[in-house]
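# Summary of structural features
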Amino acid sequence: MNRGATYQQLRSHLAYLKLSATAEELPSALAEAEKQKPGYTQFLTELLAVEVSATEERRLAGRLRFANFPSTKTLEEFDFAAQPSLDRRLVAELATLRFIEEKPTPG
């Protein structure tokens, strides 16, 4: 099978499996692989990471739509001047979620 036919078959497989982010990334990933010459496992890992990331983003967007929040707010948008008693550094520290990793284990 020639290179063009193999490429088209790969695109067909990706479309059939509904791996649209991977299909979109494929041309640039192949071009980069020609330059960098990664191993097969590394190439596949990097290519599929694109699909995993796109899937996570779609799922998050779906959950946010389902939650039906009236608007989206982030900590960066929070007006600390309107709430001067709130410790900005404490909020920033809590936002790192480091306290979860530092949680003491029972026993």
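Description of the structure in this document. All values reported here derive from a predicted model rather than from experimental measurement. (Residues numbered from 1 in each chain as written. Predicted model: local features only at pLDDT ≥ 70, side-chain atom pairs only at ≥ 80, totals over all residues. Heavy atoms only, no water.)

Quick look at helix H4 (residues 88-95) now. Of the residues flanking the start of H4, the one acting as N-cap is Asp87, its side-chain oxygen 3.0 Å from the backbone nitrogen of Arg89. Among the residues trailing H4, Leu97 stands out with phi positive, at a value near 65 degrees. (Polar contact = N/O pair within 3.5 Å; in protein donor to acceptor, adjacent residues only side chain to side chain. Helix = DSSP H or I, 4+ residues; strand = E, 2+ residues; numbered from the N terminus.)

What follows deals with the nonpolar core. Counting seven residues, the largest nonpolar core consists of Leu14, Ala23, Leu26, Ala29, Ala33, Phe43 and Leu47. Every element with two or more residues in this core is listed here: helix H2 (20-36) and helix H3 (40-67). When residues of this core are assigned to their parent elements, the largest contribution, four residues, is made by H2. Ala33 has contacts with Pro38 and Phe43, leaving out every residue within four places of it along the chain. (Core = buried A, V, L, I, M, F, W, Y, C linked by side-chain atoms within 4.5 Å. Buried < 20%, exposed > 50% of the residue type's maximum accessible area, 1.4 Å probe, protein only. Contact = heavy atoms within 4.5 Å.)

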